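# Inside the fold
Each chain, letter by letter, is given below.
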Amino acid sequence: MNSLWWHDWLYPKVFTVLAAKAMGVPVAMSSQGVGPEFAHPLDAAMAREMFSACELVGVRDGEGSARILREIGVPESIVCHTGDDALLYEPEGRASDLPNFATGDADRILVGVNLRDASTYQKGYAKSDPQRFARVFDAIAGRHRVHFVFLPISYDEQDDDRLSAQRVVDAMVEGDAATVVSAEFNAAEIRRLCGEMDVAIGISYHFTLFSLAADVPTLLLYQNPYYRQKAAGLAGLYEIPEMAINLDDNDDADLEKHIETMLSQAGRRRRELVARNKELGERVGGARSEIARRLLGAQE
């Protein structure tokens, strides 16, 4: 929920929720990602009215979205953490059983990658630089037995992840150390793919979410306010603020260092994610039960 998608996300949902409220129909929300901050006072006012009309508002990234809801005047008492509804798609089996999944040598470290080009989302957003990522990945491949697996989340024409991935691989000297997964998969299958990786590097919110939820150490990259909000929200939720990396503030050497550090700390990071995901699972279960209780109580 933000001002970027006001015409097809924010206002249609506002009118739907307020209509339900006027008709006496109880409404609850789950899996809400809020931000970047609302760019226009009217957007903020309408969002406040919509969220405040709900029995409960479940956010997907904890404090990241909860802070913005408080700032626009939504009562703190109705905000809870439900996690992301996409995690209800449970992965089954192994990604290696899926068609068109090739990773080269089996003994290499698998590095899941998603480099979403979000330059079309808003005027002034920087375009992805495939040459930069090619240089960094070549350097890492020269020092480690890694295989970069580019996993698409979006297949839309304006931001197809396969296109941005192929531009990076085409620019790499170590092109044999990379695979672009070109087949289209559903959410459960994509979660399965993310869970097969040893570490991950990504921009797409759901790519980084699926990776972290599978206990995969992940670098969260961003280069504009839209993905800064998503990266900071997830990094805060998982208590790994140092893993959210602003590409504008880090040169090639810095990015290489971040990847090297993640590779060297992968074992410890994975253990920490196992513990954190257990905590979050318990919190999410309680919030969803409370939503069900309130909706059923409101109907009695």
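All values reported here derive from a predicted model rather than from experimental measurement.

Quick look at the state of the cysteines now. Inspection of the entire model under this criterion finds zero disulfides. As a non-bridged cysteine, Cys 80 has Cys 54 as the owner of its nearest cysteine sulfur, 11 Å distant.

Time to look at the nonpolar core. Ranked by size, the top nonpolar core spans 69 residues in total, and within it Leu 115, Phe 137, Phe 148, Phe 150, Leu 221, Tyr 238 and Ile 259 carry the most contacts. In this view, Phe 148 contacts Val 111, Val 113, Phe 137, Ile 140, Ala 141, Met 172, Ala 177, Ala 178 and Thr 179; residues no more than four positions away in its chain are not counted. Counting residues in each nonpolar core, the second largest holds 30 residues, with Val 17, Ala 47, Met 50 and Val 59 among its members.

Taken in spatial order, the three strands make up an open sheet running β1-β2-β3, and their pairing is parallel. What marks the edges here is a single partner per strand, and that holds for β1 (29–32) and β3 (79–81). Each neighbouring strand pair of the sheet contributes to a mean axis angle of 30 degrees, computed without reference to strand direction. As defined by bridge partners, β1 adjoins strand β2 (residues 57–59) across two bridges and the pair is classed as parallel. Each bridged residue has a counterpart across the sheet, and for Met 29 the counterpart in β2 is Val 57.

Moving on: the packing of helix α6 (residues 187–195) against helix α7 (residues 205–213). Between α6 and α7, whose axes approach to 8 Å, the crossing angle comes to 60 degrees. Here α6 is positioned oblique relative to α7, judged by the angle of their axes. Crossing of α6 over α7 shows right-handed handedness. In this structure, α6 uses Ala 187, Ile 190, Arg 191 and Cys 194 to contact α7, whose residues at the interface are Phe 207, Phe 210, Ser 211 and Ala 213. When the residues that make up the contact of α6 with α7 are grouped by side-chain class, the tally is six nonpolar, one polar and one charged.

Put simply, helix α4 (residues 130–143) and helix α5 (residues 161–171) touch, their axes get as near as 8 Å, and they point 55 degrees apart. The orientation of α4 relative to α5 falls into the category oblique. In this structure, the crossing between α4 and α5 has a hand that is right-handed. Here α4 contributes Pro 130, Gln 131, Phe 133, Ala 134, Phe 137 and Asp 138 to the contact with α5, which in turn contributes Arg 167, Val 168 and Ala 171.

A word on the pattern of salt bridges. Note on pairing: side chains with opposite charge can pair once their charged atoms come close. A complete count under the given rule lists 21 salt bridges for this structure. The shortest N-O distance in the salt bridge between Glu 49 and Arg 48 comes to 4.0 Å. The partly exposed category is assigned to Glu 49, whose relative accessible area is 43%.

Ala 188, Ile 190, Arg 191, Arg 192, Leu 193 and Cys 194 are the residues of α6 that are buried. On the buried face of α6, the contacting elements are α7. If you check the start of α6, you find a side-chain oxygen 3.2 Å away from the backbone N of Ala 188, and it comes from Asn 186.

Structurally, the position occupied by Glu 76 is in the loop between α3 (63–71) and β3. C-alpha separation for the pair Glu 76 and Thr 16, spaced 60 residues apart in sequence, amounts to 22 Å.

In this section: the confidence of the model for the protein. For the protein, per-residue confidence averages 91 on the pLDDT scale, and residues scoring 70 or more make up 94% of the total. Highest mean pLDDT in the protein belongs to strand β7 (residues 199–202) (98); lowest belongs to helix α10 (residues 266–299) (90).

Looking now at the pairing of strand β8 (residues 218–222). Judged by how many residues are buried, β8 sits mostly within the fold: five of five residues are covered. Residue alternation in β8 divides its side chains into two sets, Thr 218, Leu 220 and Tyr 222 and Leu 219 and Leu 221, and both sets are buried. Where β7 and β8 come together, three bridges link them in parallel fashion. By the bridge assignment for β8, Ala 200 is matched with Thr 218. Handedness of the crossover joining β7 and β8 through α7 is recorded here as right-handed.

What counts, and at which threshold
- Residues numbered from 1 in each chain as written.
- Predicted model: local features only at pLDDT ≥ 70, side-chain atom pairs only at ≥ 80, totals over all residues.
- Heavy atoms only, no water.
- Disulfide = S-S within 2.5 Å.
- Core = buried A, V, L, I, M, F, W, Y, C linked by side-chain atoms within 4.5 Å.
- Buried < 20%, exposed > 50% of the residue type's maximum accessible area, 1.4 Å probe, protein only.
- Contact = heavy atoms within 4.5 Å.
- Pairing = 2+ DSSP bridges.
- Helix = DSSP H or I, 4+ residues; strand = E, 2+ residues; numbered from the N terminus.
- Axes fitted to C-alpha atoms, helices over the stretch in contact; angles between N-to-C directions.
- Parallel < 35°, antiparallel > 145°, perpendicular 65-115°, else oblique.
- Left-handed = near helix turned anticlockwise from the far one by under 90°.
- Nonpolar A, V, L, I, M, F, W, Y, C, P; charged D, E, K, R; others polar.
- Salt bridge = Lys/Arg side-chain N within 4 Å of Asp/Glu carboxyl O.
- Polar contact = N/O pair within 3.5 Å; in protein donor to acceptor, adjacent residues only side chain to side chain.
- pLDDT = per-residue confidence, 0-100.
- Right-handed = clockwise from strand over helix to strand, strands pointing away.

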